[in-house]
Amino acid sequence: MDMSGAGDRRSGAVRTWLYVVAAMVVAMVAVGGATRLTGSGLSITEWRPVTGAIPPLTEADWAAEFAKYKDTPQYNILNQGMGLSAFKVLYGWEWGHRVLGRLIGLVFFLPLIVFWWQGRISRRLGFGLLGLGVLGGLQGAIGWIMVASGLQPGMTAVAPLKLALHLTTASLILAGLVWLAAGERRGVLAPVPARLQATAVVLPILVLVQIFLGGLVAGSHAGLVFNTWPTMDGAFVPPLDSLFAIRPWIENFVDNHALVQFDHRVTAYLVLVVAILHAIDARLTGPANAAGRANGVVILVLAQMALGIATLLLAVPLWAALAHQVLAMAVLTMATVHARISRGSGVVMPAAAEPPLGFEGLARGRI
């Protein structure tokens, strides 16, 4: 019996499952973005982890939910006179976002239990997966804390910092899933030189920082001002009295539209420069597959920057904002897989085994 082939199939099933969960997380981020952009996030005013999975089923149920929403500052300040049919649209987006989160939990934990019972999960992989499970539970709590911030008196949207934390935690979960999935890849790949390994790890960290800053831009609506590029209000660098107009000065990093947008722009340039320098270094000193992956990161970063500029110039239309958010997840995924595979793999894959999945396909080629 070919035990190596059986082991590879078991590993392939685990890897496929991890990528499926990762794809669901990307979908969750997209639905969450649509929920925010349509102003739907505050339409459900209670956190009911179990019973909240069932939507209103009767007109009386809908009337009760609508009455709760009418007590919120968002309704009284922005949506006075809204009809029940319009409320149902808002409610549907937020309900779908929450139900998708519950579904991700089931798709994550049920196969995890089965795979662990079957002996397909190594101890190191198991600890990593349990850590992601805990982070997923924390993400649900952060989501409710974020919503609760928007239900406070005078608030019509969630707090920008809490929104940025919610988005960044989802991105961390995505990065963790694809890191573990890439680590299950079969086949021998020698690690790249230490310098390339280090800069490959720096890239997803920078992307996560940029995603956090993008969450601040989205949460504070800073993308609706300074809709020019490459200048902001006629200058490449706005004056300091504009960037630090709020006292105390630390609050400018969250509440000052000029500084929030400027930080997001500058970090985008930094990500691009690091990605290009890393790709050049990989081409000169690394193996061909590492250079190919590094080039892939540069291409995605350039596409994301172009889309971000278009989103800004168009004053943040719904389609562009959603595409920008989803493409950020693609950049993070590519950078994370590249960083993981750059560490090398020492598991032999039979010649007839299945090809690598997803972004790992770029790892194929000359070693």
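An unreviewed UniProt entry lists the chain under the name Heme A synthase, from Methylobacterium oryzae CBMB20. According to the UniProt record, the Subunit (unreviewed entry) comment for the chain reads "Interacts with CtaB."

Caption draft 1: Layout of helix α4 (residues 84-117). For α4, built from 34 residues, the straight-helix expectation of 50 Å at 1.5 Å per residue is met to within 8% by its first-to-last C-alpha distance of 48 Å. Along α4, the positions that sit buried rather than exposed are Phe87, Leu90, Tyr91, Glu94, His97, Arg98, Leu100, Ile104, Phe108, Leu112 and Phe115. Where α4 terminates, the next one or two residues include Gly119, which has phi positive at roughly 80 degrees.

Caption draft 2: Main features of the domain arrangement of the chain. If you check the domain split of the chain, you get domain 1 (10-186) and domain 2 (188-345). Here domain 1 and domain 2 have C-alpha centroids that lie 24 Å from each other. On the side of domain 2, 25 residues touch domain 1, which itself brings 25 residues to the contact. For the pair domain 1 and domain 2, the summed buried surface comes to about 2,400 Å²; carbon and sulfur atoms form 78% of the total. Among the residues of domain 1 in contact with domain 2, Pro160, Trp179 and Arg185 are the three that bury the most area, contributing 23% of the side total. Taken together, the links from domain 1 to domain 2 amount to 0 salt bridges. The tally of links from domain 1 across to domain 2 stands at 1 residue pair in polar contact (both at pLDDT 80 or more). Among the secondary structure elements, those contributing two or more residues to the side of domain 1 that touches domain 2 are α1 (3-37) and α6 (160-183). A total of 15 residues in the side of domain 1 that touches domain 2 trace back to one element, the largest contributor, which is α6. Of the residues in the side of domain 1 that touches domain 2, the class split is 19 nonpolar, 4 polar and 2 charged.

Procedures and definitions
Residues numbered from 1 in each chain as written. Predicted model: local features only at pLDDT ≥ 70, side-chain atom pairs only at ≥ 80, totals over all residues. Heavy atoms only, no water. UniProt positions renumbered as here; feature names shortened; annotations may be inferred. Helix = DSSP H or I, 4+ residues; strand = E, 2+ residues; numbered from the N terminus. Expected span 1.5 Å × (residues − 1). Buried < 20%, exposed > 50% of the residue type's maximum accessible area, 1.4 Å probe, protein only. Domains from an automatic or database assignment. Contact = heavy atoms within 4.5 Å. Buried area = accessible area lost by both parts, 1.4 Å probe. Salt bridge = Lys/Arg side-chain N within 4 Å of Asp/Glu carboxyl O. Polar contact = N/O pair within 3.5 Å; in protein donor to acceptor, adjacent residues only side chain to side chain. Nonpolar A, V, L, I, M, F, W, Y, C, P; charged D, E, K, R; others polar.

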